[in-house]
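Commentary on secondary and tertiary structure
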Amino acid sequence: MAKTKAEIEAMIKELQTLDTSNMYNNDFFHTWKESDDEIQAVFKVAEILRGLRENNISAKVFDSGLGISIFRDNSTRTRFSFASACNLLGLEVQDLDEKVSQIAHGETVRETANMISFMADVIGIRDDMYIGKGYTYMKTVSESVQEGYRDGVLEQRPTLVNLQCDIDHPTQVMADMLHIINYFGGVENLKGKKVAMTWAYSPSYGKPLSVPQGVIGLFTRFGMDVVLAHPEGYNVMEDVEKIAEENAKKRGGSYKKVNSMEEAFKDADIVYPKSWAPFAVMEERTKLVEEGKFDELKALEKRCLENNAKYKNWTCTEELMKTTKDGKALYLHCLPADITGVSCKEGEVDASVFDRYLVPLYKEASYKPYIIAAMIFLAKFKTPGSKLTELLEAGTKRIK
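Residues numbered from 1 in each chain as written. Predicted model: local features only at pLDDT ≥ 70, side-chain atom pairs only at ≥ 80, totals over all residues. Heavy atoms only, no water.

1. Some words on the environment of Arg72
The residue Arg72 is located in the loop between β1 (66-71) and α3 (77-89) in this model. You can call Arg72 partly exposed: its relative accessible area is 35%. A C-alpha to C-alpha distance of 39 Å links Arg72 and Gly395, two positions 323 residues apart in sequence. Beyond its immediate sequence surroundings of up to four residues, Arg72 is in contact with Glu98, Arg126, Asp127 and Tyr137. Only 2.8 Å separates the side chain of Arg72 from the side chain of Asp127, close enough to count as a polar contact. (Helix = DSSP H or I, 4+ residues; strand = E, 2+ residues; numbered from the N terminus. Buried < 20%, exposed > 50% of the residue type's maximum accessible area, 1.4 Å probe, protein only. Contact = heavy atoms within 4.5 Å. Polar contact = N/O pair within 3.5 Å; in protein donor to acceptor, adjacent residues only side chain to side chain.)

Written as structure tokens, this is what we have:
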């Protein structure tokens, strides 16, 4: 149901009680680097922007400008979500294809960052495949445009939004969380809810760690009981696990790790079965690519696929779903899922489970454009509540 203008006004008032000063002219890298107020502000602005669109009110705050997208890995949902977010706010999107740019001829990151940023207001980057590389690349771009702005090369400093790195996938897990908040009727209803973030079998190799890491790094902030389940050896980064443990202690929830999908699913309110590659494998893969040892890389892939195949029973079945809270746990996935009998012979989830949750999955994905737009909005306006009030009062029709 569309929000009324009165409801939007109430949300703006709530937003104005939050401290977002450090988000102004800043970047969004990892959720755990943001304060509680800043996380809540992203959710609040995302809901307000959605409310404006539901009421056919334009949220166009830019008359011109570019949103630069750099995707160093394949993407559908995140690519279109970034484009939608930029368009919602009035920016045009230009994708940087490194294969046909001067980067292929040795142009440095520092040079590229400034050359693409002359009239850019935001840069969205996805770089998630190599451990120790993605976030490092993003930081270099951020530092480069900051220097360009400081030295008078750029008229404005573009905001950088992490569209997925080797450590975190903030736009995805925040969209997941906003979906959960709405599904359970508010943040106040999340405390004590059990979340099963579990590894699941996939016939593919090298899926990033950033989604499970993003989930345990964010969901533990809400007093939830988060369980990370994976077969022996499929570890995530220790540093992120420490963040999850600290969050749980502070917020009154819990965090634990188990080696059984069945244990994780039992009485769970939310399940998130998703494949990822072991941290040690991702480290080895990165090193082999750096050293150009592509024959050894093929051998590593073969070895990993063979190891994955030992755990084909790690899949989200109807039987497992029946063991969740009242047999009705909310099923989450960042998509695309490996669906048994549909996209692959054996995969992460049974087709009947996936089909039953198709509408909730679409709703989950629908929050991402608004989350990204909120991150941009909060970086561009020192007093976001005032700007949103201005948009609401102007009431400019999106569709004339």
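Having seen the structure, we can now continue with the description.
2. Remarks on the sheet that holds strand β3 (residues 120-127)
Strand order in the open sheet formed by four strands is β2-β1-β3-β4, and the pairing between neighbours is parallel. Across the chains shown, the open sheet's two edge strands, defined by having one partner strand only, are β2 (92-95) and β4 (159-165). Strand-to-strand, the axes of this sheet are offset by a mean angle of 20°, without reference to chain direction. Bridging between β3 and β4 involves six bridges; their strand directions are parallel. Opposite Ile125, over in β4, you have Asn162 as the bridge partner. (Pairing = 2+ DSSP bridges. Axes fitted to C-alpha atoms, helices over the stretch in contact; angles between N-to-C directions.)

3. Side note on the packing of helix α2 (residues 36-54) against helix α15 (residues 368-380)
α15 packs onto α2 with a crossing angle of 110° between their chain directions and a minimal axis gap of 8 Å. Classed by the angle they form, the pair α2 and α15 counts as roughly perpendicular. Viewed along their axes, α2 and α15 form a crossing whose handedness is right-handed. Of α15, the residues touching α2 (which contributes Ala41, Val42, Phe43, Val45, Ala46, Leu49, Arg50 and Arg53) are Tyr370, Ile371, Ala373, Ala374, Met375, Phe377 and Leu378. (Parallel < 35°, antiparallel > 145°, perpendicular 65-115°, else oblique. Left-handed = near helix turned anticlockwise from the far one by under 90°.)

4. A word on unusual backbone geometry
A cis geometry characterises the amide bond from Leu335 onward to Pro336, with omega recorded as 0°. Along the chain, Pro336 falls in the loop between β9 (330-331) and β10 (339-340). Notably, Asp267 is not glycine yet its phi reads approximately 65°, a positive angle. Within the secondary structure, Asp267 is located in the loop between α9 (261-265) and β8 (270-273). Residue Asp326 is not a glycine yet carries a positive backbone phi of 55°. Mapped onto the elements of the fold, Asp326 is located in the loop between α12 (318-322) and β9. For Asp326, a relative accessible area of 65% corresponds to the exposed category.

5. Regarding the packing of aromatic side chains
Applying the stated criterion to the full structure yields 10 aromatic pairs. Measuring from centroid to centroid gives 6.2 Å for Trp199 and Tyr311, while their planes differ by 85°, and the two rings are edge-to-face. Separated by 112 residues along the polypeptide, Trp199 in the loop between β5 (194-198) and α7 (210-219) and Tyr311 in the loop between α11 (294-308) and α12 bring together distant segments of the chain. Residue classification places Trp199 among the buried positions, given a relative accessible area of 0%. Ring centres of Trp199 and Trp314 lie 6.2 Å apart, and the angle between their planes is 70°; on these two criteria the pair is classed as edge-to-face. On the criterion of sequence distance, the pair formed by Trp199 in the loop between β5 and α7 and Trp314 in the loop between α11 and α12 is long-range, its members being 115 residues apart. Here Trp199 and Trp314 have matching classes, each one buried. The lysine or arginine in question, Arg50, covers the ring of Tyr367, its NZ or CZ lying 4.8 Å from the ring centre. Above the face of the Phe71 ring, Arg79 is positioned so that its terminal group lies 4.5 Å from the ring centre. (Phe/Tyr/Trp six-rings, centres within 6.5 Å; stacked < 30°, edge-to-face > 60°. Lys NZ or Arg CZ within 6 Å of the ring centre and 35° of its normal.)

6. Description of the side chain of Arg285
Among the structural elements, Arg285 can be located in helix α10 (residues 279-290). Despite its burial, Arg285 remains without a salt bridge, the nearest opposite charge being carried by Glu301 at 7.2 Å. (Lys, Arg positive; Asp, Glu negative; His and termini not counted. Salt bridge = Lys/Arg side-chain N within 4 Å of Asp/Glu carboxyl O.)

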